[in-house]
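Spelled out, the chains give:
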Amino acid sequence: MDPGTPSADPEWASWPDEKLLDMRLCDLQLSIDTSPLVARLDQLAAELAAHRLVFRPHVWISDEWFTPDGIPGIAVPFYLAHPRLAKLELQQMLQVEGGTADWCMKILRHEAGHAIENAYRLRLRKRRKELFGKSSEQYPTYYTPRPYSKRFVLHLDLWYAQSHPDEDFAETFAVWLDPASDWRTQYADWPALQKLEYVETLMRELADVPASVIRTDQVDPLPSLTKTLREHYHARRTHYGLEHPHFYDQDLKRLFVDAASANGTMSAAQFISRMRKEARRRVADRTGAYQYTIDQLLESMIARCKELDLRLANAPEQAKLDFMMLLTVQTMNFLHSGRHRVAL
């Protein structure tokens, strides 16, 4: 997380996690103006201005990233407004979504795509519907991506453009807006190029044009949220937890051996526990999966290894390589099963 330095730290900034978790979100009294978000929002404004777009989304602090339907504004999560809260987010969820400058800008560009659609009612346009689909399509609770499809841009993780027509537009807009994106070259032989060229044409049309929707509504602003941080994180961990049975038992038995055959070697549970943090990070990098989900998968595997009383069979280095591959495959199986959630 880019730490930033608020003008004056609140009392809760020095509290231990257990005490902080019992604080209500509405009592945090955060401000964007004294947070690291200021620089990110200034950058977003500069990127829009570079295309002569006069629209600027209004931004407020809430409990997560989102852009409400019909409102040309963006809610940003509270943990990005103070380094102490980013630290708590990391401890509770194992990563800080949008916690680096680059990651934060990727999400802001995506949300700006939603906001500009709201500001100019772009979803009503015939060509937009033809290229991206209808906004009226129901949002899925889960979706099954097609990783090798070239009909969609690649921006956020988990092939997010494939989850809904509105997300497809927002992801395409984000790729187009990114000043570092050489999208004409990157997508030269992709059907997705047609969508990018449409966004290019559309934004030229909107240059210097004021927004047609003028609303500054704030949905679920932080001062209205009376839940505690503990309640918030309990709900989030449930949201990102695993929802499948132990379908990897056969793979674990192939990689490890039962205690009777192991002659006193290290337990498989202990072996996985030692590499848990590294495995979680590396597999998240490979798959784009949420680290909390991978950690829950690891925890479940450790528990199964204990229940099955499995032991290390191969040399530790070889076993490590084999297990990394197993974890990657099982994570991808989980993601592609259609049982992962739409997040933004």
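The structure presented is a predicted model; accordingly, all values stated were derived computationally and were not measured.

### Structural notes on the overall build of the chain
Scanning the chain from N- to C-terminus turns up 14 helices and 4 strands. Per-residue burial over the chain gives 53% buried out of 344 residues. Contacts in the chain between residues far apart in sequence, at least 24 positions, make up 76% of those at least 6 positions apart. For the chain, the accessible area works out to roughly 16,300 Å², and carbon and sulfur atoms hold 50% of it. Side-chain charges of the chain comprise 43 positive and 47 negative groups, with the mean position of each set lying 3 Å from the other.

### Things to note about the pairing of strand β1 (residues 58-62)
Every other side chain in a regular strand lies on the same face of the sheet, so the side chains alternate between the two faces. Counting buried positions over the 5 residues of β1 gives 4, a clear majority of the element. In this sheet, strand β2 (residues 73-77) lies alongside β1 in parallel orientation, the contact comprising 5 bridges. Of the residues in β2, the one forming a bridge with His58 is Gly73.

### Let's talk about the environment of Lys134
Tracing the chain through its elements places Lys134 in the loop between α5 (126-132) and α6 (165-177). It is 8.0 Å that separates the C-alpha atoms of Lys134 and Asp166, two residues lying 32 residues apart in sequence. When residues no more than four places from it in sequence are discounted, the contact partners of Lys134 are Lys129, His164 and Pro165.

### Things to note about the nonpolar core
Membership of the largest hydrophobic core comes to 69 residues, with the highest contact counts inside it found for Phe78, Phe173 and Met203. Every element with two or more residues in this core is listed here: α2 (37-49), β2, α3 (83-93), α4 (101-120), α5, α6, α8 (192-206) and α9 (229-239). Looking at this core, the element that brings in the most residues is α4, giving 9 residues. Apart from residues lying up to four places away in sequence, Met203 is in contact with Leu53, Ile116, Leu122, Phe169, Phe173 and Trp176.

### Focus: unusual backbone geometry
The backbone phi angle of Asp220 is positive, close to 50°, even though this residue is not glycine. Of note in this structure, Asp309 is not a glycine but carries a positive phi near 55°. Turning to its location among the elements, Asp309 is positioned in the loop between α13 (291-308) and β4 (310-311). A relative accessible area of 39% places Asp309 in the partly exposed class.

### Side note on the packing of aromatic side chains
As enumerated under the stated definition, the model contains 8 aromatic pairs in all. When the ring of Phe78 is compared with that of Tyr79, the centres are 5.9 Å apart and the planes differ by 80°; the resulting orientation is edge-to-face. You'll find Phe78 and Tyr79 in the same group, each marked buried. The interplanar angle of 70° and the centroid separation of 5.3 Å between the aromatic rings of Phe132 and Phe169 together place this pair among those described as edge-to-face. Of this pair, Phe132 sits in helix α5 while Phe169 sits in helix α6, and the two are 37 residues apart along the sequence. Grouped by ring-pair contacts, the aromatic residues Phe132, Phe169 and Tyr198 constitute a single cluster. Cation over ring: Lys19 sits above Trp15, and NZ or CZ is 4.3 Å from the ring centre. Sitting over the face of the ring of Phe152, Lys195 holds its NZ or CZ atom 4.3 Å from the ring centroid.

### Examining the pattern of salt bridges
Per the stated rule, a full pass over the model turns up 28 salt bridges. Here Arg109 ties to Asp178 by a salt bridge, and the two come within 3.7 Å at their closest N and O atoms. Of the two residues, Arg109 sits in helix α4 while Asp178 sits in the loop between α6 and α7 (183-186), which places them 69 residues apart along the sequence. Arg109 gets classed as buried once you look at its relative accessible area, which sits at 5%. One salt bridge in this structure joins Arg184 and Glu197, with 3.6 Å as the shortest N-O distance. In this pair, Arg184 is assigned in helix α7 and Glu197 in helix α8, connecting sequence segments 13 residues apart. A residue is classified by how much of its surface remains accessible, and Arg184, at 43% relative accessible area, is partly exposed.

### Some thoughts on the packing of α4 against α6
In contact at an axis separation of 7 Å, α4 and α6 are set at 115° when each is read in the N-to-C sense. Considering how the two elements wind past one another, α4 and α6 form a crossing that is right-handed. On α6, the residues touching Arg109, His110, Ala112, Gly113, His114, Ile116 and Glu117 of α4 are Asp166, Glu167, Phe169, Ala170, Glu171, Phe173, Ala174 and Leu177. Of the residues contributing to the contact of α4 with α6, the split by class is 7 nonpolar, 3 polar and 5 charged.

### Considerations on α9
Listed as buried for α9 are Leu229, His232, Tyr233 and Arg236. Down the axis, α9 shows its buried residues gathered within 90° of arc, on one side only. Structurally, α9 contributes buried residues whose contacts are with α1 (17-20) and α3.

What counts, and at which threshold
Residues numbered from 1 in each chain as written. Predicted model: local features only at pLDDT ≥ 70, side-chain atom pairs only at ≥ 80, totals over all residues. Heavy atoms only, no water. Helix = DSSP H or I, 4+ residues; strand = E, 2+ residues; numbered from the N terminus. Buried < 20%, exposed > 50% of the residue type's maximum accessible area, 1.4 Å probe, protein only. Contact = heavy atoms within 4.5 Å. Areas by Shrake-Rupley, 256 points an atom, 1.4 Å probe, with all protein chains shown as cover. Lys, Arg positive; Asp, Glu negative; His and termini not counted. Charge placed at Lys NZ, Arg CZ, Asp CG, Glu CD. Pairing = 2+ DSSP bridges. Core = buried A, V, L, I, M, F, W, Y, C linked by side-chain atoms within 4.5 Å. Phe/Tyr/Trp six-rings, centres within 6.5 Å; stacked < 30°, edge-to-face > 60°. Lys NZ or Arg CZ within 6 Å of the ring centre and 35° of its normal. Salt bridge = Lys/Arg side-chain N within 4 Å of Asp/Glu carboxyl O. Axes fitted to C-alpha atoms, helices over the stretch in contact; angles between N-to-C directions. Left-handed = near helix turned anticlockwise from the far one by under 90°. Nonpolar A, V, L, I, M, F, W, Y, C, P; charged D, E, K, R; others polar. Arc of directions from axis to C-beta.

As far as function goes, none of this settles anything; it's purely spatial.
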